[in-house]
Amino acid sequence: AGRKQRAAARRKAFSLFVKAKEVPAASRCSGGAEGVRWRCCRQAFEELPGIHRHVALHHSGDVGRQAGLAAGLAEPRGGPGPAGSAARPSGHPCGHTEISWALPDTSHVSQQDLTSIILFFLNILFLFAYLCHAVGSQVGEVLLYYCYCEVKDPEKLCAWQKALCQHLHLTGKVRVASEGINGTVGGSKVATSLYIKVMLSQPLFKNILCQEDFKSSAGGARCFPDLRVGVFKEIVPMGIDPKIVSYKETGIHLSPQEFHREVEQYLSQASQGQSDTILLDCRNFYESKIGHFQGCLAPDIRKFSYFPIYVDENLELFKDKRVLMYCTGGIRCERGSAYLRSKAVCREVYQLKGGIHKYLEEFPDGFYRGKLFVFDDRYAICSNEDIISACRYCGVLWDQYKLCSSQHCRQLVLTCPSCCNKGLTACCPVCQEKELKVTSRASGQTLKEECECTRRRPRVPIEHVSPRMLDIGK
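Residues numbered from 1 in each chain as written. Predicted model: local features only at pLDDT ≥ 70, side-chain atom pairs only at ≥ 80, totals over all residues. Heavy atoms only, no water.

Strand pairing within a sheet occurs via backbone hydrogen bonds; the two strands may be parallel or antiparallel. In spatial order, the strands read E10-E13-E14; together these three strands make up an open sheet with antiparallel pairing. At either end of the open sheet lies a strand with only one pairing partner, and these are strand E10 (291–293) and strand E14 (380–382). Neighbour-to-neighbour, the strand axes of the sheet open up by a mean angle of 40 degrees, direction not taken into account. Of the pairings in the sheet, the one linking E10 to strand E13 (residues 368–373) comprises three bridges and is antiparallel in character. Bridging across to E13, His292 finds its partner in Arg369. (Pairing = 2+ DSSP bridges. Helix = DSSP H or I, 4+ residues; strand = E, 2+ residues; numbered from the N terminus. Axes fitted to C-alpha atoms, helices over the stretch in contact; angles between N-to-C directions.)

In structure tokens, the structure reads:
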């Protein structure tokens with residue numbers, strides 16, 4: 001009997017997994033893919049046997065975990081209880097009581113509300129309007145959040161998180177580690193609302209995670225190609241063992257209002273050449289290029305894992321200084337400020353709680369100018385009309401990123417429509433030349449070489465104290 005129940009649970013889980021990969025009927029005609037009925041792992045499937053084979057070959061583990069979750073939710077370990085007894089609200093496999101495995105009840109929610117099925121013309125509208133939050137609730141939203149806490153079993157948290165996102169038809173990226181969780185997910189507003197509710201009710205995050213920790217912006221499931229949930233050593237890749245530099249040693253958190261006052265005072269003093277403060281952008285160069293706080297120091301680094309080396313190489317710059325740090329959502333400042341404090345050179349280290357996201361909610365026309373870079377298919381969201389960056393080729397003001405057109409390169413490039421129409425779509429002349437060679441080859445062989453603009457940039461710049469850093473008008 002037990003074997004039959006498990007088999008039935010697996011069949012149901014398999015069916016639900018396939019169902020979650022369906023392409024909404026209203027979207028099947030987009031891009032000329034009339035016959036496409038399912039999408040998974042960036043592949044399109046027109047026939048049921050095809051998606052079945054794919055799931056059986058590549059997602060057997062996911063189906064098995066969902067089947068186990070379904071069995072655990074329906075029936076506590078040890079078999080069903082006496083007739084009329086209340087079912088356990090959430091199971092705790094393997095005796096770990098810190099993780100609730102419950103999934104939200106969506107029986108009262110229509111499929112349309114959960115997946116935000118909309119007409120094709122609304123999807124086109126979304127492409128043009130999401131940057132300035134002009135899309136209505138039908139499109140949905142993107143959530144950004146993190147929570148530092150001690151996780152005894154990251155694998156189990158990862159399995160539950162994947163099941164939860166699939167259950168709510170969410171896409172995006174979620175990183176789980178023994179130090180916590182970091183996620184950015186997109187879906188309908190109904191789905192994201194349910195996601196927040198379940199996350200806040202998760203015992204593991206109780207008294208740590210709160211409603212204000214979720215930053216939202218206009219978007220939806222279409223902002224991500226798929227769902228990726230995994231276990232990592234760090235929930236933000238700084239490249240240093242969390243046991244060596246812990247989030248518990250972070251800097252002093254400032255609310256958006258407090259940070260705004262600090263920046264105002266800093267800019268006033270810096271304009272008179274009297275400031276003992278550094279306003280430090282912890283993000284990568286391509287993020288700060290299209291938007292940053294006035295008067296900030298924005299390191300010319302390509303990855304956050306270069307930040308510790310940047311600090312080491314520029315320790316004299318931070319000596320006896322008050323440092324105001326900021327990043328997109330606050331998570332990089334947690335570890336970044338801890339690393340800076342570990343060097344014992346700064347007088348004080350502060351960080352913007354909630355990051356630029358929360359600051360812009362309260363000060364859309366404050367001291368942050370330009371766009372806010374985001375790590376999804378939107379690339380940027382805006383709160384003001386300022387454009388502070390330029391087209392890579394002609395120099396006209398432009399701040400909308402595209403991927404380099406060369407197949408071997410994954411760099412982002414700022415190229416305006418006029419230059420795009422001229423075929424200037426690569427990040428540098430070398431990539432542009434390689435793109436022409438690749439497209440002319442019948443074999444379509446892809447080159448795998450480092451881009452010129454990456455190779456020429458110093459991995460970690462050495463800063464020199466100069467008026468350039470305090471150029472308030474820049």
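Take the confidence of the model for the protein chain next. Summarising the model, the protein chain shows a mean pLDDT of 81, and 76% of its residues fall at 70 or more. The model gives residues 29–33 a pLDDT under 50, and that stretch makes three contacts with residues more than four places away or in other chains. Residue range residues 467–474 is modelled with pLDDT below 50. Its contacts to residues more than four positions away, or to other chains, number 17 contacts. (pLDDT = per-residue confidence, 0-100. Contact = heavy atoms within 4.5 Å.)

A word on the environment of Arg378. Among the secondary structure elements, Arg378 is positioned in the loop between E13 and E14. Given the relative accessible area of 4%, Arg378 is considered buried. In sequence terms Arg378 and Gln400 are 22 residues apart; their C-alpha atoms lie 9.2 Å from each other. Reaching out from Arg378, the side chain makes a polar contact with the side chain of Ser217 at a distance of 2.8 Å. In this structure the side chain of Arg378 is engaged in a polar contact, spanning 2.7 Å, whose partner is the backbone oxygen of Ala218. (Buried < 20%, exposed > 50% of the residue type's maximum accessible area, 1.4 Å probe, protein only. Polar contact = N/O pair within 3.5 Å; in protein donor to acceptor, adjacent residues only side chain to side chain.)

The backbone of Asn207 sits at a positive phi, close to 65 degrees, despite the residue not being glycine. Looking at the secondary structure, you find Asn207 in the loop between helix H7 (189–201) and strand E6 (215–218). In this structure, Asp320 is a non-glycine residue whose phi angle is positive, near 60 degrees. Mapping Asp320 onto the fold places it in the loop between helix H11 (315–318) and strand E11 (322–326).

To continue, consider the packing of aromatic side chains. Using the criterion set out here, one finds 15 aromatic pairs in the structure. Note on Tyr146 and Tyr148: the rings are 5.9 Å apart at their centroids and 70 degrees apart in plane angle, and the pair reads as edge-to-face. Under the relative-accessibility criterion, Tyr146 is labelled buried at 14%. Take Tyr148: its relative accessible area is 9%, and that puts it in the buried class. What links up through ring pairs into an aromatic cluster is the set Phe259, Phe293, Tyr326, Tyr359, Phe363 and Tyr368. Over the ring of Phe232 we find Arg175; its NZ or CZ atom is 3.9 Å from the centre of that ring. The side chain of Arg392 reaches across the aromatic face of Tyr393, ending 5.2 Å from its centre. (Phe/Tyr/Trp six-rings, centres within 6.5 Å; stacked < 30°, edge-to-face > 60°. Lys NZ or Arg CZ within 6 Å of the ring centre and 35° of its normal.)

Time to look at the side chain of Arg283. By the secondary structure assignment, Arg283 is in the loop between strand E9 (277–281) and helix H9 (285–288). Of note is the side chain of Arg283, whose polar atom sits 2.8 Å from the side chain of Asp281.

Contact geometry for helix H8 (residues 256–271) and helix H13 (residues 355–362): axes closest at 9 Å, N-to-C directions at 85 degrees. Between H8 and H13, the interaxial angle falls into the category roughly perpendicular. Two secondary-structure elements touch here, H8 through Pro256, Gln257 and His260 and H13 through Lys358, Tyr359 and Glu362. A per-class count over the contact of H8 with H13 returns two nonpolar, two polar and two charged. (Parallel < 35°, antiparallel > 145°, perpendicular 65-115°, else oblique. Nonpolar A, V, L, I, M, F, W, Y, C, P; charged D, E, K, R; others polar.)

What follows deals with the sheet that holds strand E7 (residues 227–231). Here five strands make up an open sheet; going across it, the order is E6-E3-E5-E4-E7 and the pairing mixed. The open sheet terminates on both sides in strands that have one partner only, identified here as E6 and E7. Averaged over all pairs of adjacent strands, the angle between their axes in this sheet comes to 10 degrees, without regard to strand direction. Strands strand E3 (141–148), strand E4 (171–177), strand E5 (180–187) and E7 of the sheet are contacted by helix H6 (residues 154–167), whose axis makes an angle of about 170 degrees with E7.

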